[in-house]
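# Descriptive structure summary
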Amino acid sequence: MRVIDELVANAARYAECYECPGAPSEPRLKLAIVTCMDARFDVWSVLGLRHGDAHVIRNAGGVVTADTRRSLAISQRLLETTEIMIIHHTDCGATKITEDEFREAVFRDTGIRPDWAAEAFPKDPNGDVVQSIARIRADELIPQRQRVYGFVWDVETGELRRVKA
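Residues numbered from 1 in each chain as written. Predicted model: local features only at pLDDT ≥ 70, side-chain atom pairs only at ≥ 80, totals over all residues. Heavy atoms only, no water.

## Points about the overall build of the protein
Check the secondary structure of the protein and you find five helices and five strands. Referenced to the eigenvectors of the C-alpha coordinate spread, the extents of the protein come out at roughly 50 × 50 × 35 Å. The buried share among the 165 residues of the protein stands at 33%. Put simply, 63% of the contacts in the protein that link residues at least 6 apart link residues at least 24 apart. (Helix = DSSP H or I, 4+ residues; strand = E, 2+ residues; numbered from the N terminus. Buried < 20%, exposed > 50% of the residue type's maximum accessible area, 1.4 Å probe, protein only. Contact = heavy atoms within 4.5 Å.)

## What to know about the nonpolar core
One finds Val-34, Leu-72, Ile-84, Ile-86, Ile-136, Ile-142 and Val-148 to be the most contacted residues of the largest nonpolar core, which totals 15 residues. At the level of secondary structure, the elements contributing two or more residues to this core comprise β1 (31-36), α3 (66-79), β3 (83-89), α5 (126-138) and β4 (148-153). Ranked by the residues each element gives to this core, the list is headed by α5, at three residues. Beyond its immediate chain neighbours, meaning those up to four positions away, Val-34 contacts Ile-57, Gly-62, Val-63, Val-64, Thr-68, Leu-72, Met-85, Ile-86 and Ile-87. (Core = buried A, V, L, I, M, F, W, Y, C linked by side-chain atoms within 4.5 Å.)

## Here's the deal with the layout of surface pockets
One number sums up the size of the largest pocket: a volume of about 320 Å³. Along the wall of the largest pocket there are 20 residues; nearest its centre are Asn-59, Ala-60, Gly-61, Val-63 and Ala-118. Residue assignment for the lining of the largest pocket shows that the elements contributing at least two residues are β2 (54-59) and α3. Here the element with the most residues in the lining of the largest pocket is α3; it accounts for three residues. Empty space within the second largest pocket amounts to approximately 150 Å³. Surrounding the second largest pocket, Tyr-18, Cys-20, Ala-23, Pro-24, Glu-26, Arg-28, His-51, Gly-52 and Ala-54 form its lining. (1 Å grid on protein atoms, 1.4 Å probe; cavity = no way out; pocket = protein on both sides within 12 Å on 5 of 7 lines; lining within 4 Å. Points joined across faces, edges and corners; volume = space filled by probe spheres on them.)

## Focus on α5
The α-helix winds at 3.6 residues per turn, so residues separated by three or four positions along the chain end up facing the same way. A rise of 1.5 Å per residue sets the reference length of α5, with its 13 residues, at 18 Å; its end C-alpha atoms lie 19 Å apart and thus fit the reference within 8%. Restricting attention to buried positions, one finds in α5 the residues Asp-128, Val-129, Ser-132, Ile-133 and Ile-136. Taken end-on, α5 shows its buried residues confined to a sector of 145°, consistent with a single buried face. For α5, the elements touching its buried residues are α3, β3, β4 and β5 (160-163). (Expected span 1.5 Å × (residues − 1). Arc of directions from axis to C-beta.)

## Digging into a nonpolar patch on the surface
Together, Val-3, Ile-4, Leu-7 and Val-8 line one region of the surface with nonpolar side chains, adding up to about 390 Å² of accessible area. The residue Ile-4 is located in helix α1 (residues 3-16) in this model. Relative accessible area serves as the criterion here: at 54%, Ile-4 is assigned to the exposed category. (Patch = residues over 30% accessible without salt bridge, like charges linked within 9 Å, V, L, I, M, F, W, Y side chains within 5 Å. Areas by Shrake-Rupley, 256 points an atom, 1.4 Å probe, with all protein chains shown as cover. Salt bridge = Lys/Arg side-chain N within 4 Å of Asp/Glu carboxyl O.)

## Some details on the pattern of salt bridges
Across all of its chains, the model carries eleven salt bridges by this definition. Linking Arg-2 and Asp-5 is a salt bridge whose minimum nitrogen-to-oxygen distance equals 3.7 Å. Look at Arg-2 and you get exposed, because its relative accessible area is 58%. When the shortest N-O distance is used, the salt bridge between Asp-91 and Arg-40 registers 2.9 Å. Of this pair, Asp-91 sits in the loop between β3 and α4 (99-110) while Arg-40 is found in the loop between β1 and α2 (43-47), placing the two residues 51 residues apart along the sequence. Exposure remark for Asp-91: the relative accessible area of 37% places this residue in the partly exposed category. On the basis of relative accessibility, which here comes to 40%, the residue Arg-40 falls in the partly exposed class. What you see here is one network of salt bridges that share partners, running through Asp-38, Arg-40, Asp-91 and Lys-96.

Dropping the structure here:
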């Protein structure tokens, strides 16, 4: 069985006991979380979240890009979130590349340079968390910009550490 077929079968089993019909689209905790797409980080388990608690926006590196800010503006303006949590992690793939090397590798493989930035950052994710918070606080389209909190999750210990911005 292919992976996709297995996942579709899982979804069918899930639908048989689905218990959230009619649930509101506004997150119960009024929280939006921006984090990395890394498969090791189970945001729901680490934070003890349940379905409907928060919006979770994931991308490579958990970087606050223009599209992330778009999602945050929609989350706040249409779906009533008021707090933002940024979570990066140790041993992130975004720390293992440089912007120029990545762009050139893609160009060598495809003949096309990406029209977007990979947003690579140094080995210590703390600085990028601080930059992510600053990007949100500078975006006037996001109405609730003061309640933004940054964290780094350690992939070795499972600990979540607060980053002061």
